[in-house]
Amino acid sequence: MPKSQVRKKKVYTPPTDVRPTATASTRKPSPIWLPVTAVALIVAGIGWLVIYYLSEQAYPVASWGYWNLAVGFGAMVSSLILLSRWR
């Protein structure tokens, strides 16, 4: 049986100037307020929308009209932005 050939190419190593400087182990964990605030914003946004629909658009703020939808969805979107920063 013939002997298999020896590999002639060197193993690729990326250049040192392209490598990331901070590894995952050296980054700090997220502060405790970040997930707590994100969950609170989700709950507040859903609560705002539920109250708006169940009260037939009389509450939380009747003079805002459909801007109540923007407030509810804005709270939920801002919680997603916060959760994207969570480590």
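A brief structural summary. (Residues numbered from 1 in each chain as written. Predicted model: local features only at pLDDT ≥ 70, side-chain atom pairs only at ≥ 80, totals over all residues. Heavy atoms only, no water.)

### Remarks on the overall build of the protein chain
Logical step 1: Helix and strand counts for the protein chain come out as two helices and zero strands.
Logical step 2: For 87 residues, the compact-globule estimate of 2.2 N^0.38 gives 12 Å, and the C-alpha radius of gyration of the protein chain, at 26 Å, exceeds that figure by more than 25%.
Logical step 3: With the principal axes as the frame, the protein chain shows a C-alpha extent of 85 × 35 × 20 Å.
Logical step 4: Within the span of the protein chain, comprising 87 residues, buried residues form 16% of the whole.
Logical step 5: At a minimum sequence separation of 6, the contacts of the protein chain that also span at least 24 residues come to 57%. (Helix = DSSP H or I, 4+ residues; strand = E, 2+ residues; numbered from the N terminus. Rg over C-alpha atoms; globule rule 2.2 N^0.38 Å. Buried < 20%, exposed > 50% of the residue type's maximum accessible area, 1.4 Å probe, protein only. Contact = heavy atoms within 4.5 Å.)

### Structural notes on helix α2 (residues 67–84)
Logical step 1: Its 18 residues place the ends of α2 26 Å apart at the C-alpha level, agreeing with the 26 Å of an ideal helix rising 1.5 Å per residue.
Logical step 2: Among all positions of α2, only Asn 68, Leu 69, Gly 72, Ala 75, Met 76, Ser 79 and Leu 82 are buried.
Logical step 3: Those residues of α2 hidden inside the fold are in contact with α1 (33–54). (Expected span 1.5 Å × (residues − 1).)

### So, the packing of α1 against α2
Logical step 1: Between α1 and α2, the least distance of the axes is 8 Å, while the angle of their chain directions is 160°. Between α1 and α2, the angle falls in the class roughly antiparallel. Here the hand of the crossing between α1 and α2 comes out left-handed. Each of Trp 33, Leu 34, Thr 37, Ala 38, Leu 41, Ile 42, Gly 45, Ile 46, Trp 48, Leu 49, Tyr 52 and Tyr 53 in α1 lies in contact with α2, whose residues at this interface are Asn 68, Leu 69, Val 71, Gly 72, Phe 73, Ala 75, Met 76, Ser 78, Ser 79, Leu 82 and Leu 83.
Logical step 2: Tallied by class, the residues present in the contact of α1 with α2 amount to 17 nonpolar, six polar and no charged. (Axes fitted to C-alpha atoms, helices over the stretch in contact; angles between N-to-C directions. Parallel < 35°, antiparallel > 145°, perpendicular 65-115°, else oblique. Left-handed = near helix turned anticlockwise from the far one by under 90°. Nonpolar A, V, L, I, M, F, W, Y, C, P; charged D, E, K, R; others polar.)

### Some details on the side chain of Ser 30
Logical step 1: Considering the arrangement of structural elements, one finds Ser 30 in the segment before α1.
Logical step 2: In terms of polar contacts, Ser 30 uses its side chain to reach the backbone amide nitrogen of Arg 87, at 2.7 Å. (Polar contact = N/O pair within 3.5 Å; in protein donor to acceptor, adjacent residues only side chain to side chain.)

### Considering the environment of Tyr 66
Logical step 1: If you trace the backbone, Tyr 66 turns up in the loop between α1 and α2.
Logical step 2: Once the C-alpha coordinates of Tyr 66 and Tyr 52 are considered, the two residues, 14 residues apart in sequence, prove to be 9.4 Å apart.
Logical step 3: In this structure Tyr 66 touches Tyr 52 and Gln 57, once residues within four positions along its chain are discounted.

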